[in-house]
Amino acid sequence: MKKTLIAIIVILFMEQLLTAQKVMTKDERMAWWREARFGMFIHWGVYSIPAGVWNGHEIGGIGEWIMNRGKIPVRDYMEMAKQFNPVKYDPDAWVKMAKDAGMKYIVITSKHHDGFALFKSEASKWNVVDHTIYGKDLLKPLAEACQRHGIKLGFYYSQAQDWVNPGGSASRKLTKEGWPNPDSVIIDAYTKEHNGHWDPAQETRSFDKYIDEVAVPQVRELLTNYGKVAVLWWDTPIGMTDAAAEKLQALLSLQPEIITNDRLKRPNFPGDHKTPEQRIPNLADLDGTDWETCMTMNNTWGYKSYDHNYKSPQTLIRNLVDIASKGGNFLLNVGPTAEGEFPPESVEILHEIGKWMKVNGEAIYGTTASPWGLFDWGRCTKKVTKNGTNLYFSVFNWPANGKLTISYFNNKVVSAKLLATGAPVKTSVNGNTLTISLPQSAPDPVATVIKVDVKGTVENKIKNNK
Ligand code: FHN
C-alpha cells in the first residue's frame, strides 16, 4: 500500500515536472494576446513633473523626450526628479479604467529613455525608491492590482537609450526641436561629436558596461520580482549590438510565456510581433506576422500639461475596429500626471470606448481579419465557431438606401441581427451578393455592428475584392 502511494506521488511529480518543462509554441504563447485585441499603454515617469515646460519654455515634441529636446543637464534633471511624489496614484483605479474600457492588458514604461526606473533597482539608484520623496516601488502595486482584476501586465523597457545612467545611448536631436536656445550652435556641435549626448556625465561608462551593469540586471529584476510578466516591450534600439541583444533576450527564459516585440535590435531579433506606431497599416503592408498598433490619444505619450489635442472617442473606436478587421491589436496610450492621475480627457475617452465595447466587444475579442478587406461603409471581423462562422459588420457610414451589399458571398445565412439589441435584420442572397436591409437610421452613429451567422467557413476574398 505504502509502495503504491509512493509510486503514485512520484508519477504525479514527474508529470508536473514534464508539464512545467514543456516549451510553449508561439501560437500557444500568443493565444491570449490574439484574443485580447485591445490593451493600454502607460507612459509614466518624472517627465510628468515638468509636463512639457522647462525654465518657462514650452519644449517641442513629445513629453517624455523633454530632457533630450530641452538639453537638460543630467544634474538638473535628477534634482527635479527628487520631488516626484505621486500621492494620488491608485493602481486599482487605473486597472479598473483599463478593464472598463474593454482592455485586456497593460504595458507600462518601467524605464523610459531618461533611464528613471519606476521600480526598486539594485543596479542603479536612479529609481523611484532611492531617488524620490515618494520612495515606493510603483510596479509592485500595479502588478498586484492587475492580478486582482484579471488584467495581464507587461513592461516597456528602454534597453539602449538611457540619458542618465552613464553609457546609455542617446538619439541626437537638434536644439531647435526643443526651444530657442542661445547656445544652440555649441550644443549641436557637441551632440554631433558625442553620439547625441549633451552632457559629459552621460559618457563616463561604455555602452557595453551600461548593458552589463544596468540593462541586464534591471531586466532580470523586472522578470523576477513582479510575478508573471505578460509582455516585454523593447524600444529604440539605438546603438544596440547583437551581443547586447543576446544577453537581454536570454533573460526572457525567466518568463517562458512572455511575448516580446520587434524593437530589441533589428533585424536579427524580430520578436513575436511588429509595432506600427501612430498608424494603422494598410492591408498591403501585412505579411501574416502578428502586429500591434500603438497610438497616443493626444500628441504625446508622456503627460504634457498643455496638450489637449485629443482624438475623439469615435475616431479611437473606429481605429480599434479597423485594426481588428486587419487582424491586429491596439495599444492605446495614457500619460498620467506627476500626481498619479489619468488626465480627465483620457478618463472620458476610456469611458466612452468602454460603453461601446460593453455592447459590441464580441465583434473585437478573439476575432480575425475580414475576409473581404475594407468596405467603404465600414469594416468586418470574423470568428469561427463550432457550427460555422460569425461575421461582424461594423457600419461607420450608414447607407442612404438602407442596404449593405457584400459581394463574393458564398455562404448560407443562419441568422442576422443588430449586435446591440438582438433585433433581427433582413438578409437576402442573390447569386454571390448578400444584401442586408438596415433600419432607417444608424442606432449607433459611431459604429453599429450587424452580426451575421453563416454556415461553414468563409474563405479569404481579398484578392477578388481589390
Ligand atoms: O521614443 C519613443 C517614444 O517616446 C515612445 O515611447 C514610443 C512608443 O512607441 N516609442 C519611441 C518612439 O518610437
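The present account deals with the structure reproduced in this document. Only a predicted model underlies this, so the values are computations on that prediction, with no experimental measurement involved.

Among the eight residues that make up strand 16 (residues 448–455), seven are buried, leaving the element largely enclosed by the rest of the structure. With eight bridges connecting them, strand 11 (residues 388–395) and strand 16 associate as antiparallel partners. Bridging across to strand 16, Leu391 finds its partner in Val452. Two strands pair when backbone bridges link them, and strand 13 (residues 413–418) and strand 16 are joined in this way by five bridges, in the antiparallel orientation. When the bridges of strand 16 are listed, Lys417 appears paired with Lys451.

Burial within strand 11 is extensive, with eight of its eight residues counted as buried. Between the end of strand 10 (residues 378–384) and the start of strand 11, which pair antiparallel, lie three residues.

Strand order in this open sheet of seven strands is 7-6-5-4-1-9-8, and the pairing throughout is parallel. One side of each edge strand has no neighbouring strand; the edge strands of this open sheet are strand 7 (259–260) and strand 8 (292–295). In this sheet, strand 4 (residues 105–111) lies alongside strand 1 (residues 38–42) in parallel orientation, the contact comprising four bridges. When the sheet's bridge partners are listed, Gly39 is paired in strand 4 with Tyr105.

The subject of this paragraph is the site of the ligand. By nearness alone, 15 residues border the ligand, and His43, Glu64, His113, Asp235 and Glu277 come closest of all. Between the ligand and the protein, one listed contact pairs an oxygen atom with a side-chain N or O atom of His43 at 2.7 Å. With respect to the ligand, the side chain of Glu64 contributes an N or O atom lying 2.5 Å from an oxygen atom. Relative to its unbound accessible surface of 330 Å², the ligand loses 90% to contact with the protein.

Calculation notes
Residues numbered from 1 in each chain as written. Predicted model: local features only at pLDDT ≥ 70, side-chain atom pairs only at ≥ 80, totals over all residues. Heavy atoms only, no water. Buried < 20%, exposed > 50% of the residue type's maximum accessible area, 1.4 Å probe, protein only. Helix = DSSP H or I, 4+ residues; strand = E, 2+ residues; numbered from the N terminus. Pairing = 2+ DSSP bridges. Near = heavy atom within 4 Å. Polar contact = N/O pair within 3.5 Å; in protein donor to acceptor, adjacent residues only side chain to side chain. Areas by Shrake-Rupley, 256 points an atom, 1.4 Å probe, with all protein chains shown as cover.

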